[in-house]
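# Remarks on the overall topology
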Amino acid sequence: MPSNLILARIGTRKTLVRIMLLWGLTSSAMLFVHDTTSFLVLRFLLGVFEAVFAPGVILYLSFWYPPARLAAPTALFMLAGPISSMIGGPVSAWIMTALDGAWGLAGWHWMFLLEGIPSVLLALVVWRVLANSPAQASWLGAEEKARVARDIAAGHNPHGKQQFREVLRDPRVYGLSLSYFLLIGGMYAVIFWLPTILSDSGVESTMTIGLYSALPYAAAIIAMIVLSRRSDRLGERRLHSAVPAITAGVFMAVAAFTTDQLALAMTAIAVSTACSWGSYAVFWSMPSAYLSGTAAAGGIALINSIGLLGGFISPPLLGYLKESTGSNHTGLLVLVGMLLAGGIGIAANRLPARDR
């Protein structure tokens, strides 16, 4: 939250450059991990350095797009999540197998080294080309800048919150935070545990696991684009986020009861992943439409901070249940409950609509 409030003062460009440089260098430094302590320290620093990236960009997009058009560009930004997961699995598997032993480094050393460098290089590009706001964009004319400003002003919600202190007292914001917590908990556990689930299902090749892990994210890309565009076109957010989250829970239940049938379980996981990512993409257009000013800067970060605790809790919870029961079944059912509860929470939270 402090970083997002500072972003509103110092600008998006400086904030993102800082994040990308520190994150890329720390990610590459993972190759020096030699014990549990060094692993945990570097992973903690990665979380610290990247914390404001997503809420910062979501806030930044609200500088350019009115709320009625925000779902599609937000989804376009968030496509990086499933795309990186889709590409990252096979690429990581290839690096770990093809470069294992090169120059005396293990394959996982090369993976961290090579996958941290692009963030550092792109930080230099961001420094050169990113405008902090439409008013500072050299590639926009005076009339174009004025038009963007009018669109943003016209999309202002008179019933929404303007000040951060109002956010801290608003039960709707905490309702969004809890729903996001449950949604993220279900998503993150799949991200972390899908390779293990595939391995337990009998898939032995590292490369094959990487390729299979990519399939759900290919479906997620399609769902995010379709749902976000439809949400913008119809001007409806709540159900476009809630119904996919509930659907994700239903199909995760199918996966939980078909773990011995790889094709059926993978199909169910793919549908569940696609729906959860689609819900996630539309979700962020709701707080962006409800909050503005310092309320948007701090409120978006507050929702993100509380919600990401779901990603902190669910993967180790799934691991604990797997060790306790000897199977993935119970853990997957917990994810079902989180996704269903998250969808119901989103559906129940009726934010005040702006005047038409």
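The structure under discussion appears in the preceding block.
Worth saying up front: this structure is predicted, and the values here are computed from it rather than measured.

## Digging into the nonpolar core
Counting residues in each nonpolar core, the largest one holds 59 residues, and the members touching the most others are M252, Y280, F283 and W284. With 13 residues, helix α10 (residues 171–200) is the largest single contributor of residues to this core. Dropping the residues within four chain positions of it, M252 is found in contact with V190, S272, L332, L335, V336 and L339. Within the second largest apolar cluster, ten residues are counted, among which are V17, M20, V57 and V126.

## Digging into unusual backbone geometry
For W103, which is not glycine, the phi torsion reads 55° and is therefore positive. Relative to the assigned elements, W103 resides in the loop between α6 (80–98) and α7 (107–129). A relative accessible area of 81% places W103 in the exposed class.

## With respect to the side chain of R238
With respect to the element layout, R238 can be found in helix α12 (residues 238–256). Buried and unpaired, R238 has no salt bridge, with E236 as the nearest side chain of opposite charge at 4.8 Å. With sequence-adjacent residues up to four places away left out, R238 is seen in contact with M286, I346, A347, N349 and R350.

## Brief notes about the side chain of S241
With respect to the element layout, S241 can be found in helix α12. For S241, the residues in contact, after removing those within four places along its chain, are S279, V282, F283, M286 and I346.

## A look at helix α16 (residues 329–348)
With 20 residues, α16 extends 29 Å between its outermost C-alpha atoms, agreeing within 8% with the 28 Å of an ideal straight helix rising 1.5 Å per residue. Every buried residue of α16 is listed here: G331, L332, L335, V336, M338, L339, G342, G343 and I346. Taken down its axis, α16 places every buried residue within 165° of arc, on the same side. Opposite its buried face, α16 presents the exposed residues I344 and A348, each directed more than 90 degrees away.

## Description of the pattern of salt bridges
Evaluation of the coordinates by the stated rule reveals two salt bridges. Put simply, E143 and R150 hold a salt bridge, and the shortest N to O gap is 3.0 Å. Take R150: its relative accessible area is 47%, and that puts it in the partly exposed class.

## Considering the environment of R147
With respect to the element layout, R147 can be found in helix α8 (residues 142–154). Residue R147 is classed as exposed on the basis of its relative accessible area of 54%. The spacing of R147 and F257 is 110 residues in sequence and 54 Å in space, taken between C-alpha atoms.

## Concerning the packing of aromatic side chains
Scanning the entire structure with this criterion turns up eleven aromatic pairs. On the numbers, 6.2 Å between centres and 80° between planes, the contact of Y60 with F63 is edge-to-face. Relative to W139, the ring of W64 has its centre 5.6 Å away and its plane inclined at 5°; by these criteria the two rings are stacked. Here W139 lies in the loop between α7 and α8 and W64 lies in the loop between α4 (53–61) and α5 (71–78), a separation of 75 residues in the sequence. Residue W64 is classed as buried on the basis of its relative accessible area of 16%. Aromatic rings pair up to connect Y180, W277, Y280, F283 and W284 into one cluster. Directly above the ring of W127 sits R13, whose terminal nitrogen or CZ lies 4.4 Å from the centroid.

Reading the values: rules and limits
Residues numbered from 1 in each chain as written. Predicted model: local features only at pLDDT ≥ 70, side-chain atom pairs only at ≥ 80, totals over all residues. Heavy atoms only, no water. Core = buried A, V, L, I, M, F, W, Y, C linked by side-chain atoms within 4.5 Å. Buried < 20%, exposed > 50% of the residue type's maximum accessible area, 1.4 Å probe, protein only. Helix = DSSP H or I, 4+ residues; strand = E, 2+ residues; numbered from the N terminus. Contact = heavy atoms within 4.5 Å. Lys, Arg positive; Asp, Glu negative; His and termini not counted. Salt bridge = Lys/Arg side-chain N within 4 Å of Asp/Glu carboxyl O. Expected span 1.5 Å × (residues − 1). Arc of directions from axis to C-beta. Phe/Tyr/Trp six-rings, centres within 6.5 Å; stacked < 30°, edge-to-face > 60°. Lys NZ or Arg CZ within 6 Å of the ring centre and 35° of its normal.

That is the geometry; function is a separate question.
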